[in-house]
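Residues per chain are reported as follows:
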Amino acid sequence: SFEQSDSLNFPPENAIVCYGSSSMRGWHDSISVDLAPLTLIPRGFGGSNMNDALYYSERMILNYKPRALLLYEGDNDIGDDIPPITILNKFEQFISKVHKSLPQCRIYVLAIKPSLRRWHQWDNMKLANKLLHEACSSNEKLYFIDIASIMLNEEGAPKEEIFLPDSLHMNRKGYLLWRDAVRPILVNNEMVYE
């Protein structure tokens, strides 16, 4: 469906591709407003994992020749019991592939979010986030954005009021938290390229 839409109206080059799983897909309706006036290409799709990010990178990212990428992956990996170290390995392959074609592309990596449904897997999510954070800190083109800690309440559990009835995906309150964490970083770094 993305490619069909592109055939009618291909997105501009030098934009920011917003790529990832259903949590990114759920932001499609408001992300352009939340991160305005940045030029965005929303490309999230349900069920996506870090391996999909690598597999579809040619069609869903490199094809657009973006200047930057906002990435949300790892949630479904953990849900499918993929080990954090495997998530990191796929992430490193993904980064290598993107930077081989687009060496100047800045990549903003969102932390894997806590959720009510996957709370029993939070320890593995925290480990994956730690590995992703470390990988980002060793590369000046990578930025790790912690959207996870702001989704926890004072007791350290997920805020129930930010989730849809499925206890996994977020409502508007959740995306407002994401907006407040992501917007300052992206606007500060990317407005100069608009």
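Look a little higher up for the structure.
Residues numbered from 1 in each chain as written. Predicted model: local features only at pLDDT ≥ 70, side-chain atom pairs only at ≥ 80, totals over all residues. Heavy atoms only, no water.

Undergrad: Would you explain the overall build of the protein in this entry?
TA: Scanning the protein from N- to C-terminus turns up 9 helices and 5 strands. Each principal axis of the C-alpha distribution contributes one length, and for the protein these read about 45 × 35 × 30 Å. Out of the 194 residues in the protein, the part that is buried amounts to 52%. Long-range contacts, defined as pairs at least 24 residues apart, comprise 76% of the intrachain contacts of the protein with a sequence gap of at least 6. Put simply, the protein shows about 9200 Å² of open surface, and 50% of that area lies on carbon and sulfur atoms. When the 20 positive and 25 negative side-chain charges of the protein are each reduced to one mean point, those points stand 4 Å apart. (Helix = DSSP H or I, 4+ residues; strand = E, 2+ residues; numbered from the N terminus. Buried < 20%, exposed > 50% of the residue type's maximum accessible area, 1.4 Å probe, protein only. Contact = heavy atoms within 4.5 Å. Areas by Shrake-Rupley, 256 points an atom, 1.4 Å probe, with all protein chains shown as cover. Lys, Arg positive; Asp, Glu negative; His and termini not counted. Charge placed at Lys NZ, Arg CZ, Asp CG, Glu CD.)

Undergrad: Can you help me understand the packing of aromatic side chains in this one?
TA: Any aromatic ring pair is given by two values, namely how distant the centres are and how the planes are angled relative to each other. If you walk through the whole model with that rule in mind, you get 10 aromatic pairs. Relative to Y143, the ring of Y108 lies with its centre 4.7 Å away and its plane at 15 degrees, an arrangement referred to as stacked. Within this pair, whereas Y108 is found in strand β4 (residues 106-110), its partner Y143 is found in strand β5 (residues 142-145), the two being separated by 35 residues in sequence. Look at Y108 and you get buried, because its relative accessible area is 0%. You can call Y143 partly exposed: its relative accessible area is 25%. Ring geometry for W119 against W122: centres 5.5 Å apart, planes inclined by 20 degrees, an arrangement best described as stacked. Three or more aromatic residues joined by ring pairs form one cluster here, namely Y19, F45, Y55 and Y56. Across from the ring centre of Y193, 4.0 Å away, lies the NZ or CZ of R106, which sits over that ring. (Phe/Tyr/Trp six-rings, centres within 6.5 Å; stacked < 30°, edge-to-face > 60°. Lys NZ or Arg CZ within 6 Å of the ring centre and 35° of its normal.)

Undergrad: Would you mind going over helix α8 (residues 122-137) with me for this structure?
TA: Residues spaced three or four apart along an α-helix face the same direction, because each turn holds 3.6 residues. Helix length check: α8, at 16 residues, gives a terminal C-alpha distance of 22 Å against a target of 22 Å (1.5 Å per residue), a fit within 8%. Within α8, burial applies to W122, M125, A128, N129, L131, L132, A135 and C136. On its buried face, α8 is in contact with α4 (50-55), α6 (75-79), α7 (84-101), β4 and β5. (Expected span 1.5 Å × (residues − 1).)

Undergrad: What's the story with the nonpolar core in this structure? I'm lost.
TA: The nonpolar side chains of a soluble globular protein tend to be buried, and buried together. Counting 62 residues, the largest nonpolar core has L70 and F91 as its most contacted members. If near-sequence neighbours (up to four positions away) are discounted, L70 is found in contact with I16, V17, C18, Y19, M24, W27, I31, L35, Y108, L110, V182 and L186. (Core = buried A, V, L, I, M, F, W, Y, C linked by side-chain atoms within 4.5 Å.)

Undergrad: Before we go on, may I ask you to explain the sheet that holds strand β1 (residues 16-20) in this structure?
TA: Pairing between sheet strands relies on hydrogen bonds along the backbone, with the strands arranged either parallel or antiparallel. Taking strand neighbours across the sheet as the criterion, the 5 strands line up as β2-β1-β3-β4-β5 in an open arrangement whose pairing is parallel. Each edge of the open sheet carries a strand with a single partner, namely β2 (40-44) and β5. Looking at each pair of strands side by side, their axes are set apart by 15 degrees on average, direction ignored. In this sheet, β5 lies alongside β4 in parallel orientation, the contact comprising 4 bridges. By the bridge assignment, V109 is partnered in β5 with F144. (Pairing = 2+ DSSP bridges. Axes fitted to C-alpha atoms, helices over the stretch in contact; angles between N-to-C directions.)

Undergrad: Just to check I follow, could you spell out the packing of α7 against α8 for this structure?
TA: For any two helices packed against each other, one specifies the crossing angle of their axes together with the interaxial distance. Contact geometry of α7 with α8 gives a least axis separation of 9 Å together with a crossing angle of 30 degrees. It follows from the interaxial angle that α7 and α8 lie roughly parallel. Classified by chirality, the crossing of α8 by α7 is right-handed. Residue-level contacts link P84, I85, I87, L88 and F91 of α7 to N124, L127, A128, L131, L132, A135 and C136 of α8. A breakdown of the residues in the contact of α7 with α8 according to their chemical character gives 11 nonpolar, 1 polar and no charged. (Parallel < 35°, antiparallel > 145°, perpendicular 65-115°, else oblique. Left-handed = near helix turned anticlockwise from the far one by under 90°. Nonpolar A, V, L, I, M, F, W, Y, C, P; charged D, E, K, R; others polar.)

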